[in-house]
Amino acid sequence: MSVSAGEEVNMCVVCSAAIEEEYVSASGSVYHPEHFTCVQCHAPLAGQKYYPLEGRVYCEADFLATNGQRCSACQEFISGEVVSALGGFYHREHFVCAHCKRPFLGDQFFRKNDSAYCRADYEKLFNTICKGCGELIVGKVYSALKANWHLDCFKCHGCQNPIGEEAFLPVDSMAYHPACAPKTLSNGDCFVCQKTVDEPFTADGKPCHTACFVCNGCNGSLVGQEWFEAEGKLLCSTDKEILYPTIVCHGCSVTVTGAYIMALGRAYHAEHLQCGFCDLVLADQHPYVECKGQPCCERCFLKQHHSQAAESNSGDAAQGATTSTSEDNGQDNGQENGQEDGQENGQV
């Protein structure tokens, strides 16, 4: 090769030999076209999208396989914006409200039972408005007198000081410190022992001796505690869950109170048994199979199966591909597709 005075000689960064004719320029280096290949699978990259990393170049499939994040929703690699939430990674469009399935606007979401909800559905499903101040409760919810409270908003009706998590006496649907409770006696007989009540205490508006107001499971006092009545039994929340376990829909994380469907060992409301890839409601109208730990319709199952088969053969397909480059073509494609796409899509 003859070089005129002052003319710069292009040296291939791979083989260190002078480049006499065509070359590819990418990420500040030049290559023989045949040497501009993926460091992992050696597929030709001239004219293709590539990803530079630490002085090496990768095809898209190998870059994502070695350096990418899988979306926790669709299990595919994420090549663009990554949303990190709930201990996983998501495509922006796949990080959606567990109930309405709409993507979140901005970054605000509310977490419940390891699922994410928009504000409207969080309020509607979990009734997390504080009865004291009327504001949404984010974080710990204190339940008392059949309502939800911020801990600082649950106050004694007598002295107006916060009760916190201390014992209290409910009288006429209002909470009192024991020392602040009205001194008048409750009317009627104890609904547990049927004897006259001689203390200012009611349970859900019914007269009751505090000594009678105990859990029929563990015999612990229910005064100031969340309690349940089932089949004539008074139960604390722990024993209620043991004797009458709560069934939660895996799709919306809301307690199931009526009919439900069991699928893959999990309970679902009929409308929430959906394909994990296209959100088609399955129920009885559409058969389903398991795919990547999720219920899947037949169409998406075939699509996932074909996608996996294509990935396993991608290396052979890449080796068989042919591209032609010229000095201008190699430089334009290497810089335009390589530098711009590589930087935009490669730096996840």
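Our structure is the block above this text.
Note that the structure is a prediction, hence the values are computed from the model and not measured. (Residues numbered from 1 in each chain as written. Predicted model: local features only at pLDDT ≥ 70, side-chain atom pairs only at ≥ 80, totals over all residues. Heavy atoms only, no water.)

K.L.:
When you look at the pairing of strand β7 (residues 82–85) in this model, what are you seeing that I'm missing?
P.N.:
Along a regular strand, successive side chains alternate from one face of the sheet to the other. The alternating pattern of β7 places V83 and A85 on a buried face and V82 and S84 on a face that is not buried. The pairing of β7 with strand β8 (residues 88–91) spans 4 bridges and is antiparallel. Its bridge partner lying in β8, A85 is registered against G88. Where β7 folds back onto β8 in an antiparallel hairpin, the turn is made up of 2 residues, including L86, whose phi is positive at roughly 55°. (Buried < 20%, exposed > 50% of the residue type's maximum accessible area, 1.4 Å probe, protein only. Helix = DSSP H or I, 4+ residues; strand = E, 2+ residues; numbered from the N terminus. Pairing = 2+ DSSP bridges.)

K.L.:
What's the story with the packing of aromatic side chains in this structure? I'm lost.
P.N.:
To describe a pair of aromatic rings, you give the distance between the ring centres and the angle between the ring planes. Going through the model one piece at a time under the given rule, you end up with 10 aromatic pairs. Ring geometry for F110 versus Y122: centroids 5.2 Å apart, planes at 25°, classification stacked. Of this pair, F110 sits in strand β9 (residues 110–112) while Y122 sits in helix α2 (residues 119–126), and the two are 12 residues apart along the sequence. Both rings, one in F213 and one in W227, keep their centres 5.1 Å apart while their planes meet at 85°; by these two values the pair is edge-to-face. Here F213 is found in the loop between β16 (206–207) and β17 (227–230), whereas its partner W227 is found in strand β17, with 14 residues between them in sequence. Through pairs of rings, three or more aromatic residues link up here, namely Y90, F95, F104 and F109. (Phe/Tyr/Trp six-rings, centres within 6.5 Å; stacked < 30°, edge-to-face > 60°.)

K.L.:
Even after reading the chapter, I still don't get the pattern of salt bridges, so can you show me in this structure?
P.N.:
If the charged atoms of two oppositely charged side chains come close together, the side chains can form a pair. Per the counting criterion, the structure on display carries 1 salt bridge. The salt bridge partner of R111 is D114, with a shortest N-O separation of 2.8 Å. Of the residues examined, D114 reaches a relative accessible area of 58% and is grouped as exposed. (Salt bridge = Lys/Arg side-chain N within 4 Å of Asp/Glu carboxyl O.)

K.L.:
Looking at this structure, how should I read the side chain of D239?
P.N.:
Within the secondary structure, D239 is located in helix α3 (residues 237–243). The side chain of D239 sits in the buried core without any salt bridge; K233 is the nearest counter-charge, 10 Å away. Within polar-contact distance, the side chain of D239 engages the backbone nitrogen of C218 at 3.0 Å. Residue contacts for D239: discarding those within four places in its chain leaves C215, G217 and C218. (Lys, Arg positive; Asp, Glu negative; His and termini not counted. Polar contact = N/O pair within 3.5 Å; in protein donor to acceptor, adjacent residues only side chain to side chain. Contact = heavy atoms within 4.5 Å.)

K.L.:
Help me out: how do you make sense of a negative patch on the surface in this one?
P.N.:
A contiguous patch of negative charge on the surface is contributed by E20, E21, E22 and E34. Summarising the element assignment, E34 is placed in the loop between β2 (29–31) and β3 (51–53). (Patch = residues over 30% accessible without salt bridge, like charges linked within 9 Å, V, L, I, M, F, W, Y side chains within 5 Å. Areas by Shrake-Rupley, 256 points an atom, 1.4 Å probe, with all protein chains shown as cover. Charge placed at Lys NZ, Arg CZ, Asp CG, Glu CD.)

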